[in-house]
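Read off the chains here:
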Amino acid sequence: MNDFIVGNRPQLFRNFKRRGTREGFGAVEGWFLATEVKLGRQVVIKVLPADLAQLLNPERFELEIQIAARLQHPNIVQIFEIGEAAGHPYLALELVDGGSLAHHLAGNPWPTRDAVELVELLARAVQYAHEQGVVHRDLKPANILLTDIPAELQSSSSLPATRLSHQSTPSL
C-alpha cells in the first residue's frame, strides 16, 4: 500500500493529478491530495489496499458508497468519485483542510459555547444521515473534520465549519 501511494502512479488516476507530497494512512486506507483535472477541484483520494478489497463484496461496497454519495448536507464530506486503480478501490472526496477535531482538541477542552455549537452541528448532520438511512459506524473526534480553525477559536461565535468523514454504512 505504501509503495502504491508513494510511487505516485499517476497513470492509474487519469481524472486526477497528484498535488504536492502530503499523504497519510488511516486505519485501513491510504490517502493523498489531488486536483480533479477537468474541474480543477481539490480532493483527497482515499485508496484501499488490494488485500482488503478482495475481502469486500464489491457490489455491496459500491452500493454503500453510492448511497453515502447521495448525502447532500453542508456538514457531511462529499464523495465525488469512486473507482479502481490496479486492484485498489479508491474514493475521491471533498478536501476539508482544517484537520480533525482530535488534532485540534489535543487533550484540551473547548470553551462551553463552542463545544455546544459543535455538538449541534454534528447532531444535525447525523440526524440528516439517519433520515436518509445511513448510520455512521465510527463517529469519533478523528473522523470529525474542521475547516479553517481560528487562532484560539478567536471568539465563541466563530466555530469553524464541521464535516463528518465517511465511515458510514447504509441501513439496507
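All values reported here derive from a predicted model rather than from experimental measurement.

Counting residues in each nonpolar core, the largest one holds ten residues, listed as Phe 13, Phe 16, Phe 32, Ala 34, Val 43, Ile 45, Val 47, Ala 85, Tyr 90 and Ala 92. Of all elements in the fold, only strand E2 (30-36), strand E3 (42-47) and strand E5 (88-94) reach the threshold of two or more residues within this core. Tallying contributions element by element places E3 first for this core, with three residues. In contact with Tyr 90, other than residues within four places in its own chain, are Phe 13, Phe 16, Ile 45, Lys 46, Val 47, Glu 81, Ile 82, Gly 83, Glu 84 and Ala 85.

Here we take up helix H3 (residues 58-69). If you check H3, its first and last C-alpha atoms are 16 Å apart, about what twelve residues at 1.5 Å a residue would give, namely 16 Å. Listing the buried residues of H3 in full gives Glu 64, Ile 65, Ile 67 and Ala 68. Summarising the axial view, the buried residues of H3 lie within an arc of 160 degrees, below the 170-degree limit, and thus occupy one face. H3 presents Pro 58 and Glu 59 as exposed residues on the side facing more than 90 degrees away from its buried surface.

Rules behind the numbers
Residues numbered from 1 in each chain as written. Predicted model: local features only at pLDDT ≥ 70, side-chain atom pairs only at ≥ 80, totals over all residues. Heavy atoms only, no water. Core = buried A, V, L, I, M, F, W, Y, C linked by side-chain atoms within 4.5 Å. Buried < 20%, exposed > 50% of the residue type's maximum accessible area, 1.4 Å probe, protein only. Helix = DSSP H or I, 4+ residues; strand = E, 2+ residues; numbered from the N terminus. Contact = heavy atoms within 4.5 Å. Expected span 1.5 Å × (residues − 1). Arc of directions from axis to C-beta.

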